[in-house]
Structures are given as C-alpha cells and as structure tokens.
Amino acid sequence: MPKLSGVIETALYVDDLDRARAFYEDVLELAPLTSDSRFLAYDVGGRSVLLLFHRGSTLETVRLPGGTIPPHHGNGPIHVAFSIEADELPAWEQRLGEHRVAIEGRTDWPRGGRSIYFRDPDRHLLELVTPGVWAIY
C-alpha cells in the first residue's frame, strides 16, 4: 500500500497580500519562493511551503500550461503550527514582542514540548512548537 510522506503545502487565505507579506517576511522572516497577483509562497524550513492566497482568488479553476488547479477556499481563522528548536523559544517570544505581536496562549505539553500562540493580521492562529509536543516531534 502506498504511504503519505509528509505535508508539503499549507494554505491560508488573506484579505491583503501586501499586509500579509510584511508580516510573514518581516516578523517570521520567511523566504519568498514565488508570487503573483493571487498568492505568495514561502519556504518553511526547507521542508514545506506556506501558501497565502488572496481571499476569493481561488474560487475558479486555474489553467496552467501543465494542467489545472481546481477551486479551493477557506473562511475564518485557520490554525498553523511551525516547528522551532526548544532553545529558540525565548528569542521568538522577544521577537514577537518587538513587533508588538501579542502572545495569546502558552502550553507546556505532557511530553515536554512547549507552544506559544499568536495571530497574524488576518486573525489566523499561529503556533510555534518545540520538540516533545507530538510523539513524532
């Protein structure tokens, strides 16, 4: 039986691509991969891609030279967790504070991992997770 080997892309839907670009590049320091008028794509740790779509821009099929992308969309605040090293958590807390990003929650998990939660400008719930949260991480 074939097996899945990971999650390569995660998508969020935003109201303003320029505002999202400022947050994800300035605050989270993600490196852009590509973009157009509909979306931004970011490298996350060299293992996955974060896609930020302008809300409403993905409601119709996109035709490319190599094929088609079916419609998709999401509403409301979505949750994404980013992995970090345990010793980097204090630096991330300081960085978020310097950018006036409020930490809304903190959790110490039974396996020893820790999480902090905060919001992007579109109110998506973002989480920074240290090893020990999940049995696989």
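Basis of the calculations
- Residues numbered from 1 in each chain as written.
- Predicted model: local features only at pLDDT ≥ 70, side-chain atom pairs only at ≥ 80, totals over all residues.
- Heavy atoms only, no water.
- Salt bridge = Lys/Arg side-chain N within 4 Å of Asp/Glu carboxyl O.
- Helix = DSSP H or I, 4+ residues; strand = E, 2+ residues; numbered from the N terminus.
- Buried < 20%, exposed > 50% of the residue type's maximum accessible area, 1.4 Å probe, protein only.
- Pairing = 2+ DSSP bridges.
- Axes fitted to C-alpha atoms, helices over the stretch in contact; angles between N-to-C directions.
- Core = buried A, V, L, I, M, F, W, Y, C linked by side-chain atoms within 4.5 Å.
- Contact = heavy atoms within 4.5 Å.
- Polar contact = N/O pair within 3.5 Å; in protein donor to acceptor, adjacent residues only side chain to side chain.

Topic: the pattern of salt bridges
- Within the structure shown, the criterion is met by 10 salt bridges.
- A salt bridge links Arg95 to Glu29, with the nearest nitrogen and oxygen atoms 3.1 Å apart. One end of the pair, Arg95, is in helix α2 (residues 89-98); the other, Glu29, is in the loop between α1 (17-27) and β2 (31-35), with 66 residues separating them in the sequence.
- Judged by its relative accessible area of 56%, Glu29 falls in the exposed class.
- Between Arg114 and Asp108 there is a salt bridge, with its nearest N and O atoms 3.0 Å apart.
- Judged by relative accessible area, which is 39%, Arg114 ranks as partly exposed.
- Judged by relative accessible area, which is 61%, Asp108 ranks as exposed.
- A network of salt bridges, in which partner residues are shared, links Asp15, Arg19, Arg55 and Asp122.

Topic: the sheet that holds strand β3 (residues 39-44)
- Across the sheet, four strands lie side by side as β1-β4-β3-β2; this open sheet has mixed pairing. Looking at the sheet topology across the chains shown, the edges are occupied by β1 (9-14) and β2. The mean angle between the axes of side-by-side strands here comes to 25°, regardless of whether they run parallel or antiparallel.

Section: the nonpolar core
- Core analysis: the largest hydrophobic core is formed by 25 residues, its most contacted members being Tyr24, Leu28, Leu50, Leu52 and Leu126.
- Counting residues per element, the ones that place at least two in this core are β1, α1, β3, β4 (48-54), β7 (79-83), α2, β9 (114-119) and β10 (125-129).
- Ranked by residues supplied to this core, first place goes to α1 with five residues.
- Setting aside anything within four residues of it in sequence, one finds Leu52 in contact with Leu12, Val14, Leu17, Ala20, Tyr24, Arg38, Phe39, Leu40 and Tyr42.

Looking at the environment of His124
- Mapped onto the secondary structure, His124 falls in the loop between β9 and β10.
- For His124, a relative accessible area of 0% corresponds to the buried category.
- As a C-alpha pair, His124 and Arg19 span 105 residues in sequence and 13 Å in three-dimensional space.
- Look past the residues within four positions of His124 in its chain and what remains in contact with it is Leu12, Tyr13, Val14, Arg55, Gly76, Pro77, Ile78, Phe118 and Arg119.
- A polar side-chain atom of His124 sits 3.0 Å from the main-chain amide nitrogen of Ile78.

Take it as geometry only, folks, not as evidence of what the structure does.
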